[in-house]
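Architecture at a glance
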Protein chains: 2
Amino acid sequence: MLESISVLAAGMPDLSVFQYSIVDNIFSMTVATMGAAAIFLFLSRQSVDEAYRPALLVSGLVVSIACYHYFMIRHSWQGAFVLAEGGYKGSGAAFNDFYRYADWILTVPLLMVELVAVLRLQAGKATSLLTRLVVAAALMIALGYPGEVISSPEGWAARVMWGALSSIPFFYILFVLWVELTKSLDTQPVAARKLIEIARLVLLITWAVYPIAYALGGTMTALEAKAGGNVDPSGIVALQVGYAIADMTAKAGFGLLIYFIARAKSKGSQGYVIGETAGTPAVA
Amino acid sequence: MLESISVLAAGMPDLSVFQYSIVDNIFSMTVATMGAAAIFLFLSRQSVDEAYRPALLVSGLVVSIACYHYFMIRHSWQGAFVLAEGGYKGSGAAFNDFYRYADWILTVPLLMVELVAVLRLQAGKATSLLTRLVVAAALMIALGYPGEVISSPEGWAARVMWGALSSIPFFYILFVLWVELTKSLDTQPVAARKLIEIARLVLLITWAVYPIAYALGGTMTALEAKAGGNVDPSGIVALQVGYAIADMTAKAGFGLLIYFIARAKSKGSQGYVIGETAGTPAVA
């Protein structure tokens, strides 16, 4: 493990100004998106019923934590390269991958909380569901990390093993959420149903990005390239851009959906979301 | 005292990239955890009865202060090392241990305040209890610090003496809190009792970390190693990670418990915490 991390540090490939800047800029844009989403979610709590405010508060925390981590990720990115001879070369400092894991450790359980909080299931049921989801989320992240830091071809089998172990709680979470979201549809107001169906889909699509990225970073070819110091620059750029877009959708986009669901379920605002009048005329 | 501090500065051991990064990353994660906890506690005040809002406000202050200090502790950690020859070496600058003591001086008395505030004891009783706890907390920290900065084998006896003196108010606080929390159980609503029992346990377990860390750092072997410049790197890593985890639990985790207790004791929210409907169905 020690070796693989120093390999990673030494293995930052040369990037063109364009490649370096794409990643640097998408990180900055993610900071702005997460920060704006946090302000929106915190200040929108007063627009929904008391019962749904904790859901918006927790959604706001998720994007706040992500905002901090993307600020730090960008800082680490800038420290990992130096501008030389018209391009960017590795500075010798490692690009800190742990920020993403620290972010997931904190935010994935909170994403479970915001979803269960907005569904408002029966007492007892919510607690049981939440406990299972949070434990599974912690296991998923803890089991993925030892594999993520492996970056030598000899470690390929171990990386696949950690990935496979991590996939068990991953699929368990998606399965439980899909089943529970589907089951909950009957008890939800009509206005919220469509939104919950969208949330179910967003969850499935955005979450799929993470195991795909994990798998692409761990193919034998990718590991051999890392070990030989010939890391494919476009692979790194694609991975970072992919993670950033997935995080924006799975956190800020998902938080927005939680807001719309909370809004649809709040009394007196049925069917009207933003800039729309309800069944009753706006001016009496 | 001056001498022993400079010994500490000179004694920063060589760390591998992995060892340095574990500590650096757990500090960053602690900043994120404390910051998120602060936002949560400040914004959750409106979800509890007026009477419990001061408890949440003070809990929010504790994690805000800790967030600031961990940001500074991390800054000091990064300044105490330089990346050289594939590892980290002492830069000559001291890793500033005083941040932890400054943090404790401010937050430990506030932790007493948040706990007593959420219990809502009889007038007069709360004031007397709080006065004793706050004075004891100040004594505990003030008496521990002179021992903490001793790092030469000649100072061993003095270190043990300061540690023993500091332990008197330490055990006094734990004893008083245990007795008072147990006594208060009868007067608390059923929904809050279980939570107060958990709070009692969290207090006992997390607080135990501090004297253990103090004792391990002050054995004759540890002091001889420090004096000889052969500080055990894994010992330093374990100590910093241990303190960070204990602080996250004793401050952010404890603050969350205070929120749940306040929530359980607030009118009209009995039995429902997050994501659950109370006795009445969600959809009428």
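Provided above is the structure to which this section pertains.
Summarised in this report is the structure supplied together with it. Note that the structure is predicted; figures quoted are calculated from it, not measured.

**Let's talk about the interface of chain A and chain B**
Often, the extent of an interface is quoted as the loss of accessible area upon association of its parts. The interface is formed by 37 residues belonging to chain A together with 27 residues belonging to chain B. Between chain A and chain B, roughly 2700 Å² of surface is buried when both sides are summed, and carbon and sulfur atoms account for 66% of that area. Area buried by chain A at its contact with chain B is led by A:Arg45, A:Tyr68 and A:Arg120, which between them contribute 18% of it. At the surface where chain A touches chain B, the tally comes to 0 salt bridges. There are 4 residue pairs in polar contact (both at pLDDT 80 or more) connecting chain A and chain B. Elements with a contribution of two residues or more to the side of chain A that touches chain B: helix H1 (2–10), helix H3 (53–79), helix H4 (98–119), strand E4 (121–122) and helix H5 (125–148) of chain A.

**Notes on the pattern of salt bridges**
All names here are of chain A. Applying the stated rule across the entire model yields 18 salt bridges over all chains. We note a salt bridge from glutamate 50 to arginine 53, for which the minimum N-O separation is 3.5 Å. When its relative accessible area of 38% is taken as the criterion, glutamate 50 is described as partly exposed. Where lysine 125 meets glutamate 180, a salt bridge forms, and the shortest distance between an N and an O atom there is 3.8 Å. Note that lysine 125 is positioned in helix H5 and glutamate 180 in helix H6 (residues 156–184), a separation of 55 residues in sequence. Glutamate 180 sits in the buried class, given a relative accessible area of 11%. Several salt bridges converge on common partners, so that one network encompasses Arg100, Asp103, Asp247 and Lys251.

**As for the relation of the copies chain A and chain B**
In screw terms, the move from chain A to chain B is a rotation of 76° and a rise of 0.3 Å along the axis, fitting with an RMSD of 0.1 Å. Here the transformation between the copies is reduced to the relation of a five-fold axis.

**Some details on empty space enclosed by the protein**
All names here are of chain A. Summed over the entire model, instances satisfying the criterion amount to 1 cavity of 30 Å³ or more. In this model, the largest cavity occupies a volume close to 30 Å³. In terms of lining residues, the largest cavity is bounded by Leu115, Val116, Leu119, Leu129, Leu177, Glu180 and Leu181. The set of elements that each furnish at least two residues to the lining of the largest cavity consists of H4 and H6. When the residues that make up the lining of the largest cavity are grouped by side-chain class, the tally is 6 nonpolar, no polar and 1 charged.

**Things to note about unusual backbone geometry**
Within the chain, A:Glu85 stands out as a residue other than glycine whose phi angle is a positive 55°. Take A:Glu85: it is sitting in the loop between strand E2 (81–84) and strand E3 (87–90).

**Observations concerning the packing of aromatic side chains**
For the coordinates displayed, the defined rule picks out 36 aromatic pairs over all chains. Taking 5.3 Å as the distance between ring centres and 85° as the angle between the ring planes, the aromatic pair formed by A:Trp77 and A:Phe95 counts as edge-to-face. Highlighted residues: A:Trp77 in helix H3 and A:Phe95 in the loop between E3 and H4, separated in sequence by 18 residues. Of the residues examined, A:Phe95 reaches a relative accessible area of 7% and is grouped as buried. When the centroid spacing of 5.1 Å and the interplanar angle of 80° are considered together, the rings of A:Phe170 and A:Phe171 count as edge-to-face. Note that B:Arg159 overlies the ring of B:Tyr214, its terminal NZ or CZ placed 4.5 Å from the centroid.

**Topic: the sheet that holds E3(A)**
All names here are of chain A. Strand order in the open sheet formed by 3 strands is E1-E3-E2, with antiparallel pairing between adjacent strands. Strands at the two margins of the open sheet, each flanked by one partner only, are strand E1 (15–16) and E2. Both E1 and E3 contribute to a ladder of 2 bridges, which runs antiparallel. Within E3, the residue paired with leucine 15 across the bridge is tyrosine 88.

**Here's the deal with the sheet that holds strand E2 (residues 81–84) of chain B**
Residue and element names in this part refer to chain B. Pairing within the open sheet is antiparallel, and its 3 strands lie in the order E1-E3-E2. On the outer flanks of this sheet lie strand E1 (15–16) and E2, each paired with one strand and no other. Pairing of E2 with strand E3 (residues 87–90) involves 4 bridges; the strand directions are antiparallel. Paired with alanine 84 across the bridge in E3 is glycine 87.

**Brief notes about the nonpolar core**
One broad rule of soluble globular proteins: the nonpolar side chains tend to lie buried together. Among the nonpolar cores identified, the biggest contains 174 residues, and A:Trp77, A:Ile173, A:Trp207, B:Trp77, B:Ile173 and B:Trp207 are the most heavily contacted of them. Apart from the residues within four sequence positions on either side, B:Ile173 is in contact with B:Met112, B:Leu133, B:Ala136, B:Ala137, B:Met140 and B:Trp207.

**Concerning the side chain of A:Arg53**
Within the secondary structure, A:Arg53 sits in helix H3. Since its relative accessible area comes to 18%, A:Arg53 is described here as buried. What A:Arg53 contacts, discounting residues up to four positions off in sequence, is A:Arg45, A:Gln46, A:Val48 and B:Gln46.

Quick notes on the rules
Residues numbered from 1 in each chain as written. Chains lettered and ligands numbered in written order. Predicted model: local features only at pLDDT ≥ 70, side-chain atom pairs only at ≥ 80, totals over all residues. Heavy atoms only, no water. Contact = heavy atoms within 4.5 Å. Buried area = accessible area lost by both parts, 1.4 Å probe. Salt bridge = Lys/Arg side-chain N within 4 Å of Asp/Glu carboxyl O. Polar contact = N/O pair within 3.5 Å; in protein donor to acceptor, adjacent residues only side chain to side chain. Helix = DSSP H or I, 4+ residues; strand = E, 2+ residues; numbered from the N terminus. Buried < 20%, exposed > 50% of the residue type's maximum accessible area, 1.4 Å probe, protein only. Least-squares fit on C-alpha atoms with pLDDT ≥ 70 in both. 1 Å grid on protein atoms, 1.4 Å probe; cavity = no way out; pocket = protein on both sides within 12 Å on 5 of 7 lines; lining within 4 Å. Points joined across faces, edges and corners; volume = space filled by probe spheres on them. Nonpolar A, V, L, I, M, F, W, Y, C, P; charged D, E, K, R; others polar. Phe/Tyr/Trp six-rings, centres within 6.5 Å; stacked < 30°, edge-to-face > 60°. Lys NZ or Arg CZ within 6 Å of the ring centre and 35° of its normal. Pairing = 2+ DSSP bridges. Core = buried A, V, L, I, M, F, W, Y, C linked by side-chain atoms within 4.5 Å.

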